[in-house]
Amino acid sequence: QVQLVESGGGLVQSGGSLRLSCEVSGFTADYNAVGWFRQAPGKGREGVSCSSSGDGNTYYADSVKGRFTISRDNAKNTVYLQMNMLKPEDTAVYYCAIDKSLPCNLWEEFDYWGQGTQVTVSS
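Residues numbered from 1 in each chain as written. Predicted model: local features only at pLDDT ≥ 70, side-chain atom pairs only at ≥ 80, totals over all residues. Heavy atoms only, no water.

Participant: Please set out the overall build of the protein chain residue by residue, giving values where relevant.
Facilitator: Regarding its fold elements, the protein chain presents 0 helices and 11 strands. Relative to the globule expectation of 14 Å for 123 residues, the C-alpha radius of gyration of the protein chain, 14 Å, shows essentially globular dimensions. Principal axes of the C-alpha set define a box for the protein chain whose edges measure 40 × 25 × 25 Å. Looking at the protein chain as a whole, 41% of its 123 residues qualify as buried. Summarising the internal contacts of the protein chain: among those between residues at least 6 apart in sequence, 58% fall at separations of at least 24. Within the protein chain, the 13 negative side-chain charges are centred at a point lying 6 Å from the centre of the 10 positive side-chain charges. (Helix = DSSP H or I, 4+ residues; strand = E, 2+ residues; numbered from the N terminus. Rg over C-alpha atoms; globule rule 2.2 N^0.38 Å. Buried < 20%, exposed > 50% of the residue type's maximum accessible area, 1.4 Å probe, protein only. Contact = heavy atoms within 4.5 Å. Lys, Arg positive; Asp, Glu negative; His and termini not counted. Charge placed at Lys NZ, Arg CZ, Asp CG, Glu CD.)

Okay, here's the thing in structure tokens:
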């Protein structure tokens, strides 16, 4: 009964910005980790950003450091990904995911995933 729903994707020009949202419902108040991940056409899924409550660490892929920021609004049970200075290579389906106990380095095994939202960056 845990559900994650992403929104905020769309078409944007190179250099533009988008903010993705992930609304979480169910018994998720005490989850350990939350992250954003993406899959580009013809490529495997990769980590974008992940935050671990257990150790207080936040991680970003080298390709997005300085441009993307992960944040949370606990009152709204919502996780955000602010994306600035977007590039065509950022084009992908973006997913959010959470897990009750796993650390960020095991994100491939996270228990709960959203359906994804498409981000397309034109040149």
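Participant: Which residues make up the nonpolar core, and what values go with them?
Facilitator: Within soluble globular proteins, side chains that are nonpolar tend to cluster in buried spots. Within the largest apolar cluster, 25 residues are counted, with the highest numbers of intra-cluster contacts made by W36, F68, L81, M83 and Y94. Elements represented by at least two residues in this core include exactly β3 (18-25), β4 (33-39), β7 (68-73), β8 (78-83), β9 (92-99) and β11 (117-122). Residues contacting F68, with those up to four places away along its chain left out, are R38, V48, Y60, L81, Q82, M83, N84, L86, D90 and Y94. Counting residues in each nonpolar core, the second largest holds 7 residues, with A33, F37, A97 and W107 among its members. (Core = buried A, V, L, I, M, F, W, Y, C linked by side-chain atoms within 4.5 Å.)

Participant: Tell me about the environment of L20, and please be specific about residues and values.
Facilitator: Structurally, L20 is set in strand β3. In this structure the C-alpha to C-alpha distance between L20 and L4, which are 16 residues apart in sequence, comes to 13 Å.

Participant: Got a sec to walk through the state of the cysteines? Specific residues and values, please.
Facilitator: Within the structure shown, the criterion is met by 2 disulfides. Put simply, C22 and C96 are joined by a disulfide, and their sulfur atoms are 2.0 Å apart. Here the S-S torsion is close to 60°, and the disulfide linking C22 with C96 is therefore right-handed. Here C22 is found in strand β3, whereas its partner C96 is found in strand β9, with 74 residues between them in sequence. Accessibility assignment for this pair places C22 and C96 in one class, buried. Paired by a disulfide, C50 and C104 hold their sulfur atoms 2.1 Å apart. Every disulfide takes its handedness from the sign of the S-S torsion; for C50 and C104 that torsion is -85°, giving left-handed. (Disulfide = S-S within 2.5 Å.)

Participant: So, unusual backbone geometry: which residues are in play, and what are the values?
Facilitator: In this structure, N77 is a non-glycine residue whose phi angle is positive, near 50°. Along the chain, the position of N77 falls in the loop between β7 and β8. A positive phi angle, close to 50°, is found at M85, a residue other than glycine. Mapped onto the elements, M85 comes out in the loop between β8 and β9.

Participant: I'd like to hear about the pairing of strand β1 (residues 3-7), residue by residue, with values.
Facilitator: Along β1, the buried face is formed by L4 and E6; none of Q3, V5 and S7, which line the opposite face, is buried. Pairing of β1 with β3 involves 5 bridges; the strand directions are antiparallel. Bridging across to β3, S7 finds its partner in S21. (Pairing = 2+ DSSP bridges.)

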